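Residue-level listing of the chains:
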There are 4 protein chains.
Amino acid sequence: MIITLKPSITKKQLNHIVQKIKDLGFAPHMSKGKMSTIVGVIGENAILTREMFDAMPGIEFVTAISKPYKLASREFKKEDTIVEVSGVKFGGKKVVVIAGPCSVEDRARLLRIAKIVKDAGAQCLRGGAFKPRTSPYSFQGLGELGLKYLREANKITGLPVVTELMSVDQIPLLINYADVLQIGARNIQNFDLLKEAGKTKMPVMLKRGMSTTVKEFLMSAEYVLSQGNYKVILCERGIRTFEDSTRFTLDLNAVPVLKTLSHLPVIVDPSHGVGIRKYVTPMARAAVAAGADGLMIEVHNDPEKALSDGPQSLLPSDFEQMMIEVKAIARAIGRDA
Amino acid sequence: MIITLKPSITKKQLNHIVQKIKDLGFAPHMSKGKMSTIVGVIGENAILTREMFDAMPGIEFVTAISKPYKLASREFKKEDTIVEVSGVKFGGKKVVVIAGPCSVEDRARLLRIAKIVKDAGAQCLRGGAFKPRTSPYSFQGLGELGLKYLREANKITGLPVVTELMSVDQIPLLINYADVLQIGARNIQNFDLLKEAGKTKMPVMLKRGMSTTVKEFLMSAEYVLSQGNYKVILCERGIRTFEDSTRFTLDLNAVPVLKTLSHLPVIVDPSHGVGIRKYVTPMARAAVAAGADGLMIEVHNDPEKALSDGPQSLLPSDFEQMMIEVKAIARAIGRDA
Amino acid sequence: MIITLKPSITKKQLNHIVQKIKDLGFAPHMSKGKMSTIVGVIGENAILTREMFDAMPGIEFVTAISKPYKLASREFKKEDTIVEVSGVKFGGKKVVVIAGPCSVEDRARLLRIAKIVKDAGAQCLRGGAFKPRTSPYSFQGLGELGLKYLREANKITGLPVVTELMSVDQIPLLINYADVLQIGARNIQNFDLLKEAGKTKMPVMLKRGMSTTVKEFLMSAEYVLSQGNYKVILCERGIRTFEDSTRFTLDLNAVPVLKTLSHLPVIVDPSHGVGIRKYVTPMARAAVAAGADGLMIEVHNDPEKALSDGPQSLLPSDFEQMMIEVKAIARAIGRDA
Amino acid sequence: MIITLKPSITKKQLNHIVQKIKDLGFAPHMSKGKMSTIVGVIGENAILTREMFDAMPGIEFVTAISKPYKLASREFKKEDTIVEVSGVKFGGKKVVVIAGPCSVEDRARLLRIAKIVKDAGAQCLRGGAFKPRTSPYSFQGLGELGLKYLREANKITGLPVVTELMSVDQIPLLINYADVLQIGARNIQNFDLLKEAGKTKMPVMLKRGMSTTVKEFLMSAEYVLSQGNYKVILCERGIRTFEDSTRFTLDLNAVPVLKTLSHLPVIVDPSHGVGIRKYVTPMARAAVAAGADGLMIEVHNDPEKALSDGPQSLLPSDFEQMMIEVKAIARAIGRDA
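What counts and what doesn't
- Residues numbered from 1 in each chain as written.
- Chains lettered and ligands numbered in written order.
- Predicted model: local features only at pLDDT ≥ 70, side-chain atom pairs only at ≥ 80, totals over all residues.
- Helix = DSSP H or I, 4+ residues; strand = E, 2+ residues; numbered from the N terminus.
- Least-squares fit on C-alpha atoms with pLDDT ≥ 70 in both.
- Contact = placed C-beta atoms within 7 Å.
- Pairing = 2+ DSSP bridges.
- Axes fitted to C-alpha atoms, helices over the stretch in contact; angles between N-to-C directions.
- Domains from an automatic or database assignment.
- Expected span 1.5 Å × (residues − 1).
- Nonpolar A, V, L, I, M, F, W, Y, C, P; charged D, E, K, R; others polar.

K.L.:
I'd like a rundown of the overall build of chain A, residues and numbers included.
P.N.:
Of regular secondary structure, chain A possesses 11 helices and 14 strands. Counting only C-alpha atoms, chain A reaches 75 × 45 × 35 Å along its principal axes.

Structural data, given as structure tokens:
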């Protein structure tokens, strides 16, 4: 941490700051200059947070130099983490594709879509049984019945199931049905939920919030990791910006940034990110080219009748074509898909 | 709803759209032009959502013309809603000030701050017992003990207590201690929590999320209202933008916008909005001048030692001065404070 | 400037950095710690820019501690700057209101509006003769004819004229007609224009760009000041965010921030900031309550026929009412209007 | 255009609106419903702008249904436009790479870098002679001398020259030296400059502004096209968002969106978009995978000594590796590079 002092600081204020640093068990390093003086405090850990100093008189501003997350950082763990889900490896050489409907609508349709995505090369099945909806008047999901259909689809296709966990009280239910617990974008700073998901020791997929910085995203991952659960998959799904020609602005920059700052696998959800079918495949290709370890794609065999997110779902034939293109990109950068 | 058709639409596609509108019980109104054709669908309600049409072939785009919220709208209720909390009225002539520490830290300090803010003219006491923190290594709140101290402060000062509800399982506990359930910015789209808070029939204060549009904010309020609970107070607390000279960008535009679109009382939290002590009072004045029905202000008698948000807390003397200035502004626009 | 070194830095890289600092005439201050080492470089001036070090091997990151603007800063000049325009003082006790149509449309209308705003208490007249329009097919302004009408309105009413300068080649023309040269939001980083406007030594009003940070805004002001022209007025007019219920997000936080960081007068343009007539007056009141030194308001006596920005123009009666309310707010904070 | 009427509209107001539509030469199409009435106005062109109606009493809101740009749209021209620059084709099968230093610093260095990028496969040379700099104290470019060096580099390598045009008065100079006139992000709404650049009939490369929507970007292109100059290349270079782990947020979504809405070639500048060297190559790969017609890359043989933008410049060896990877991606999607 670096403390820049005000030119007008009094001797008493300075002594007070120096004493506080020493009380916390650190040694202050002073650098006096013509225009201002800085105090370096090195070797700090989580105990020494910026806000302890921010409010002290005589301080111009405080700059953190160590990262606010530890377990999620590349410094903590140099090699890539591989999260294994029933034999499917996230973070390895192969680009993993998770596909399926936005929400589980009925048994027959789910089983049909599961078979379609499996045949086209998907390795995991997605589908929401509980849906967070902006409007209280929209379809809210089938609940446990949806989970049962997902499990049945798993039995038939062998595809592990990724499904959303919306609240702590759903955990006892979901651990019986899900292979990966998905934490949605709207819950990325629901810290209780993150901790409880961590305690399950199950693979957890975190979706970046629409206004979450990369740093905050890794701090949310830290909540899960801090429970001893290292099976965390990060998912970029679009941030909110002024641009309105896409539903969100899929932030592919986050892919190389996250891969640099963290050892965790990073996947991308272009379906929610752009929200418009015809842009999904180009952005899926781009995500893999940027270095993503996987993709999460919505597929529906009758998007017009879909009870949620129809406009962004790929048709089965679109998905098959996307898989061909994504595989070509993966090979071009020395990976498989 | 207005459906703009693609110039290339086929007759079959058009018939399909027209039939769907009729199946839903509405009459399509066609307007053919040289360059494009539009179909008006009027009288729709929540059942007729845009997404049912968005995915249909032959459609250029769909424009909603009715608002996605009903109970929260001025159309539904013309006169201002007044939410009464133990005799304190939000939404009336008087500008209500809620003040107190960010989080409850210890009994003696809370009682002292409560007395200070009461003496300066605050009408409600704030203080968090459960704190959502970005880092798992930060202070997370005193829990039930904090709630007990808040209740005790209420007994001594008579100030009703506003405190944050973070998850559904805390409801049975909080209803015994809180006068107003605060839903934090990070939970504004935690729809389960909104519904359950609605069911308590207690006053609920909703803080706008950092990337929540005004429209989405009102849709979140709709979740509470849809449970038959009309005691909802809206609170603007800053949105996330590119500007980094303040912690968030306090969006005072939202005050006249919300007062126009909705009948619900609107308050402003400049402390979290700007995050820097010296800017809190000017923005508190501005909020009242813009038409806010109240303010939520962090006050601490030793901000340097505060376990959270010290840099943005007003000192007791700052708060007293702020109250004088806010009252002058309130009078200038024909209100009390 | 503070340079944080990579833990993996080699001795050679370190020597290279130290030598570079010395070559530039400064003394490096090293602080070694367990986890990282920082180098403080104090007393630097503009010559020592971050980017000279950013690209050097062995450096984790570089933090600037001195501000990138000098002449615009409060450190450079403690007391408020007052910009005088034909007897009207920006930055003094009185809140100055500039009002008039968005663009000059015809002589009779301009003269009528000028009289209306003068009678209601405005102290300056606004009106664009050259209009930057997003679409090449929109009305682009009357040009020199518009300037002549503005001058005539000045003769009749005595109100100094504020009008937009769009390009360097317009300067010889505008200096004959304008009392204040306005640089529009879209030109805030048109650095040539800023320098040339500075050279005129005329009062210059800078409108913040829609994505300009406060820091960049002051750096743009620095371009004008660096030409020896200290007659600079800053104008907040809304930034671009995700929120779409207003045209832009008027950032009133910028008012106390700019007044703290700089000695220059700060005014606010709520008309462009919100873009919707009914929100202009509440935001005008809020701007003054936040500490703005003035307002810039669009007024039109027939907004429906206005060739630009009709929906945000106040009617004469609205403007008269706004002036009454703004004066009350000004008095409440100990100022005049 | 669709006009949604207020439920409270009076008969007189309605007649007034209807008359105005007729006066403009169009026929109103009314659709009355239980809750509201809409009026469709079809066949309009640029003359019928939203703002003519926005300010009329009785109107709830106005929705544009035709696009505000014509010549730039796919509707106007179905097939891809190919912009040819001295034999290099933008918008064809081959992905074109423009490379070179941010600014021209000295003759020897420029010639060396030009040779390096040519050998690695670049097809155009970039380099700024006039530099827009946020700070008045930063290096501002070599001016005409820089242009001479660029021309000399062209003679030696054969690479056409892309260089920035900052103001109208530079046009007579630049047309003698440049092969492509680049309009920078900060000038994207400098409409005079756009028009004058259009009049030169030279190829013009437009860089999207940091807060320009895709729609506004195309409206700026329309300014150039409206002068009869169809040689326009669009360049995505990052938008401003809340995320600060990259310098800007490179918005690759804009690539498929622009290719869908417009026939103009689209290239991407990841160097300015991310601002950090190690993220440039992954984003260059992703841009091509998303469908970009070209790339613009900063290369410097001694970034540490670069007078501008050193931290984002690729070293020659990085650039060679990037070209190999980009070519592999191009082949994977059936293109060349």
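K.L.:
Outline the relation of the copies chain A and chain D, supporting the account with residue identities and numerical values.
P.N.:
Once chain A has been moved 0.0 Å along the axis and rotated by 180 degrees, it coincides with chain D to within an RMSD of 0.0 Å. Here the copies are linked by what is in effect a two-fold axis. Across chain A, the rotation axis passes nearest the C-alpha of Ala286(A), at a separation of 2.1 Å. Mapped onto chain D, 100% of the interface residues of chain A again fall at the interface, so both copies present the same surface.

K.L.:
Tell me what's going on with the sheet that holds strand S4 (residues 59–63) of chain D, and back it up with residues and numbers.
P.N.:
Residues and elements named next belong to chain D. Strand order in the open sheet made by the 4 strands is S2-S3-S1-S4, with antiparallel pairing throughout. Lying at the two open borders of the sheet, with one neighbouring strand each, are strand S2 (28–32) and S4. Along the sheet, successive strands turn relative to each other by an average axial angle of 20 degrees, direction set aside. Summarising the sheet, strand S1 (residues 2–5) and strand S3 (residues 37–41) pair through 3 bridges and their orientation is antiparallel. By the bridge assignment, Ile3 is partnered in S3 with Val39.

K.L.:
Give a detailed account of the domain arrangement of chain A, specifying residues and quantitative values.
P.N.:
Structurally, chain A comprises domain 1 (2–63) and domain 2 (83–332). The centre of domain 1 of chain A, based on its C-alpha atoms, is set 44 Å off from the matching centre of domain 2 of chain A.

K.L.:
So what's going on with helix H1 (residues 11–23) of chain D? Which residues, and what values?
P.N.:
Across its 13 residues, H1(D) extends 18 Å between first and last C-alpha, which sits within 8% of the 18 Å expected from 1.5 Å per residue. Once H1(D) ends, the next one or two residues include Gly25(D), with phi positive near 95 degrees.

K.L.:
Please give an account of the interface of chain B and chain C that cites residues and values.
P.N.:
The interface of chain B with chain C comprises 36 residues on the first partner and 36 residues on the second. Sorting the residues of the side of chain B that touches chain C by element identifies helix H7 (214–225), helix H8 (254–261), helix H10 (277–290) and helix H11 (316–332) of chain B as the ones contributing at least two each. With 8 residues, H10(B) is the largest single contributor of residues to the side of chain B that touches chain C. Per-class residue counts for the side of chain B that touches chain C are 19 nonpolar, 9 polar and 8 charged.

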